[in-house]
Amino acid sequence: MKVFIRQLVLFLIIISAIITASLFFIPNKRLRNSSLYADIDKNKRLDSLQSPKIVFVGGSNIAFGLNSKQIEDSLHLPVVNMGLHAGLGMYFMLNEVRDHVQKGDIVVLSPEYHQFMGDLFYGEKVLVALLFDINNKNLKNVTIKQYIHLFPSIVEYSTSKLFFMNLDVTDDGDGYGKVFKRNSFNKYGDESMHWQFPLQKIPSTSAPIGHIQVNSEILKFIQDFKRDMNKKGVALYIIPPAFQESSFINLNNAIKDIEGGLKDHSTPFDIRPEEFSYQNRFIFNTVYHLNKPGVDHRTLLIIKFLKSKAVKKGGSN
Amino acid sequence: MADAPDKRKKQVWFWLSICVNLGFLGVFKYYNFFIDSFADFLSKLGLGVHFTTLQVILPLGISFYTFHGLSYVIDIYNDRIKPERNFVNYSVFVCFFPLLVAGPIERATHLLPQITRKRSFEYSRAVDGLRQILWGLFKKIVIADNCATVVNEIFKNYHTQGSSTLVLGAVLFAFQIYCDFSGYSDIALGAARLLGIELLRNFGFPYFSRDIAEFWRRWHISLTTWFRDYLYIPLGGSRGNKFHAIRNTFIIFLVSGFWHGANWTFIFWGAYHAALFMPLLILGRNRLHTNSVAQGKILPTFKELTQMFLTFVLVVIGWIFFRAPSLPIAFDYLSSIFSSTIFTLPTQKVTTLTILIVILFVVEWLQREKKFALERFEDFIKFRPIRWVLYILLVLAIIRFGGKSETFIYFQF
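Residues numbered from 1 in each chain as written. Chains lettered and ligands numbered in written order. Predicted model: local features only at pLDDT ≥ 70, side-chain atom pairs only at ≥ 80, totals over all residues. Heavy atoms only, no water.

Asker: Any chance you could explain the pattern of salt bridges here in plain terms?
Answerer: Close approach of charged atoms allows side chains with opposite charge to pair. Here the structure, examined in full by the defined rule, presents 29 salt bridges over all chains. Between Glu-275 of chain A and Arg-272 of chain A there is a salt bridge, with its nearest N and O atoms 3.9 Å apart. On the basis of relative accessible area, Glu-275 of chain A is assigned to the partly exposed category, the value being 32%. Glu-214 of chain B is the partner of Arg-210 of chain B in a salt bridge, and the nearest nitrogen-oxygen pair spans 3.0 Å. Glu-214 of chain B carries the same exposure label as Arg-210 of chain B, and that label is buried. Where salt bridges share partners, they join Lys-220, Asp-224 and Arg-227 of chain A into one cluster. (Salt bridge = Lys/Arg side-chain N within 4 Å of Asp/Glu carboxyl O. Buried < 20%, exposed > 50% of the residue type's maximum accessible area, 1.4 Å probe, protein only.)

Asker: Is there a simple way to think about the sheet that holds strand 3 (residues 106-110) of chain A in this case?
Answerer: Adjacent strands of a sheet pair through backbone hydrogen bonds, lying either parallel or antiparallel. All names here are of chain A. The strand order 2-1-3-4 describes an open sheet built from 4 strands, whose pairing is parallel. Each having just a single partner strand, strand 2 (79-81) and strand 4 (235-238) make up the two edges of the open sheet. On average, adjacent strands in this sheet sit at an angle of 15 degrees to one another, irrespective of strand direction. Note: strand 1 (residues 54-58) against strand 2, 3 bridges, orientation parallel. Bridging across to strand 2, Val-55 finds its partner in Val-80. (Pairing = 2+ DSSP bridges. Helix = DSSP H or I, 4+ residues; strand = E, 2+ residues; numbered from the N terminus. Axes fitted to C-alpha atoms, helices over the stretch in contact; angles between N-to-C directions.)

Asker: What should I look at first to understand the nonpolar core in this one?
Answerer: One broad rule of soluble globular proteins: the nonpolar side chains tend to lie buried together. Counting 122 residues, the largest nonpolar core has Tyr-207, Trp-219 and Trp-319 of chain B as its most contacted members. Contacts of Tyr-207 of chain B, omitting those with residues within four sequence positions, involve Ala-174, Phe-175, Ile-177, Tyr-178, Phe-215, Trp-219, Phe-312, Val-315 and Trp-319 of chain B. Membership of the second largest hydrophobic core comes to 65 residues, among which are Leu-84, Tyr-91, Phe-92 and Ile-218 of chain A. (Core = buried A, V, L, I, M, F, W, Y, C linked by side-chain atoms within 4.5 Å. Contact = heavy atoms within 4.5 Å.)

Asker: What exactly am I supposed to notice about the interface of chain B and chain A here?
Answerer: When the parts come together, some accessible area is lost, and that loss is often what is quoted as the size of the interface. Between chain B and chain A, the residue contacts involve 22 residues of the former and 22 residues of the latter. Of the roughly 2,000 Å² buried at the junction of chain B and chain A (both faces included), carbon and sulfur atoms supply 81%. A per-residue breakdown of the area chain B buries against chain A is headed by Trp-388, Leu-396 and Arg-400 of chain B, which together make up 34% of the total. In this structure, the connection of chain B to chain A is made through 0 salt bridges. (Buried area = accessible area lost by both parts, 1.4 Å probe.)

Asker: Quick question: what am I supposed to make of the pairing of strand 3 of chain A here?
Answerer: Look at any regular strand and the pattern is simple: side chains alternate between the two faces of the sheet. All names here are of chain A. Strand 3 sits mainly inside the fold: 5 of its 5 residues count as buried. Residues Ile-106, Val-108 and Ser-110 point to one face of strand 3 and Val-107 and Leu-109 to the other, with burial holding for every one of them. Pairing geometry for strand 1 and strand 3, over 5 bridges, is parallel. Paired with Phe-56 across the strands is Val-108, a residue of strand 3. Pairing of strand 3 with strand 4, which is carried by 4 bridges, proceeds in the parallel orientation. Residue Val-108 lies in a different strand from strand 4, and its bridge partner there is Tyr-237.

Asker: Help me understand the packing of helix 6 (residues 163-194) of chain B against helix 12 (residues 327-337) of chain B, please; the structure alone is not making it clear to me.
Answerer: Helix-helix packing: each pair is described by the crossing angle between the helix axes and the interaxial distance. All names here are of chain B. At a closest axis distance of 8 Å, the pairing of helix 6 and helix 12 adopts a crossing angle of 125 degrees. Overall, the two elements helix 6 and helix 12 adopt an arrangement that is oblique. The chirality of how helix 6 crosses helix 12 is left-handed. Within the contact between the two elements, helix 6 uses Ser-163, Leu-166, Val-167, Gly-169 and Ala-170 and helix 12 uses Tyr-333, Ser-336 and Ile-337. The class makeup of the residues in the contact of helix 6 with helix 12 is 5 nonpolar, 3 polar and no charged. (Parallel < 35°, antiparallel > 145°, perpendicular 65-115°, else oblique. Left-handed = near helix turned anticlockwise from the far one by under 90°. Nonpolar A, V, L, I, M, F, W, Y, C, P; charged D, E, K, R; others polar.)

Asker: Just checking my understanding: could you explain a nonpolar patch on the surface for this structure?
Answerer: A contiguous nonpolar patch, built from Met-1, Val-3, Ile-5, Val-9 and Ile-13 of chain A together with Phe-121 and Tyr-123 of chain B and spanning about 600 Å² of accessible area, is present on the exposed surface. For the nonpolar patch, the element with the highest residue contribution is helix 1 (residues 2-25) of chain A, accounting for 4 residues. Assignment of secondary structure puts Tyr-123 of chain B in helix 5 (residues 123-156). Exposure remark for Tyr-123 of chain B: the relative accessible area of 32% places this residue in the partly exposed category. (Patch = residues over 30% accessible without salt bridge, like charges linked within 9 Å, V, L, I, M, F, W, Y side chains within 5 Å. Areas by Shrake-Rupley, 256 points an atom, 1.4 Å probe, with all protein chains shown as cover.)

Asker: Help me out: how do you make sense of the side chain of Ser-60 of chain A in this one?
Answerer: Along the chain, Ser-60 of chain A turns up in helix 3 (residues 60-63). Not counting the four nearest positions on each side in its chain, Ser-60 of chain A is found in contact with Leu-84, His-85, Ala-86, Glu-112, Phe-180 and His-289 of chain A.

Asker: For this particular structure, what's the right way to read the confidence of the model for chain A?
Answerer: For chain A, per-residue confidence averages 88 on the pLDDT scale, and residues scoring 70 or more make up 92% of the total. Confidence drops under pLDDT 50 across residues 166-175 of chain A; counting only partners more than four residues distant or on other chains, this segment forms 23 contacts. (pLDDT = per-residue confidence, 0-100.)

Here it is as structure tokens:
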């Protein structure tokens, strides 16, 4: 029995050592052109901008759904679009900007609805790729709880670096073809390469779901974040994501639950979700991604909203 | 029952036990099927009758532990074993955790003595147990779950797919169900072996069969032999004239199909296999291949290869009925295969999955004379470091290529 246990432990140690070594010492060549690298550029811009500034935070709905230059020109405030990938999780997204905003700044948060469902809050495999192979300065923000949550993704990601074969397209970086690469973002952080592309194949509608149990952790976290921002003199606005109309109808009850949850935590959507529900002719390649006409429409609505909040040069009021 | 003073009372107790066991199965698994089928029948006669159906969750693995219970009762009735007076031992026999939800279907005569006997740790058996678990996990997580993703997509939208894609869907389902079920069995057998218990073998590399009769000797062995011992033989088996043998065989296949689920697709699947089996039975060729294919050789002959291929094709056709939600859909799926798009490439990209299936195939082929693919692996690869490298690669492959988690198919039975 002793020999058996000793060999079993040795076997597990070898496996753990290989996985750990792979995580830290094997570069992920597949990520070279990945959109995740845009995080470095976005952070550079975030640090370089003088306050007051407008910082957009969210997943790919905001990356694909904004014309920051137009906002900058209209409001005469520098803008950075930090939106990248929903899989990074709201916990990471907000912590990433937390220490980089000062008094007078405006943070506009546009979380995907799916952030509130399940356990996307702490992030998934793309976050592991970002933390360990792209921008490891963010590792300092990772808590023990988040590490525990990410553990399966860390093991899976680390192991993926050992094999050259892929079973799914997402492992190729993102599976979006030409768009959603580092060089497809403009200097403001908007994914803009797709603006010149014709209509893509219309994405399939999200499957209908009824009422949901909204992740209370994310609601509490956003509430705390808002309190911190208020203390710093930073304005936080929460806007709904751009979303395909037919999916919006299918998820109507869930969206109402999310809306209610945010309201109960004193962090309601500042724009009605219906306003950002788009017909297929405004949708690019996923239910959250807008094409150029969609981007133009949404940008105008956001400008109108920010103007209604009397946002002008001089920052938030 | 064992203490009954006379044969008549013994029979009363026996049938009471059988009815209670089958009663649970009937209520939970088949009640709705019979009610719905009866209502359909009446509506075809112009009688619109509404019956209340049960809205209950099917208890996990009910078909498996019902059959454990039945085998216990029948064996006591036939004086093959003495009744187990220790409640804990009996409970372990019925609910032994590795086989509770998807078998193998154990016999009281085989498992109970092992439970009551004192067991001791044995290094080589424990190592073999771990190897079997590892191979089972590889089959389930890497092959079956990844096949499931492709198969589900193809079967869901089969009417929009080209025929080559439909063929791919059917073939991948063949691998999915094999790796799913035999993977579970490997995990169950391996876990039991770690505890010093040998369970019945459930699979013997069925896709290397040269005819349908051999396939059924290698597929879900514990169920097939259960039906043979507790239904086929009591019905008279192959004793008597050919007609009796054919009738009994047909009954076994139909019941076997029905055992899988309360759906006409399963019954048809059973009947289909019966139809394939009959010519072999009539010609007396159903026990032609009782040994391993190409025994002692590395490669099969051309004839053996052709036989294996044809058997596989026939089995795959049967799986379409097993997988389809209804008979009309199954027939529609099958007929859609025969179109000009058979010569186009499938729309699904399965290159890596194919490589993994080839790896599975090669390993199982090389080890086909063993009970499972990694059994006594030290005889196959003598140098321990190389064996360890292969084990490590398997573990990493399970982590890396693990598909979207899917429930074991046989949990529903």
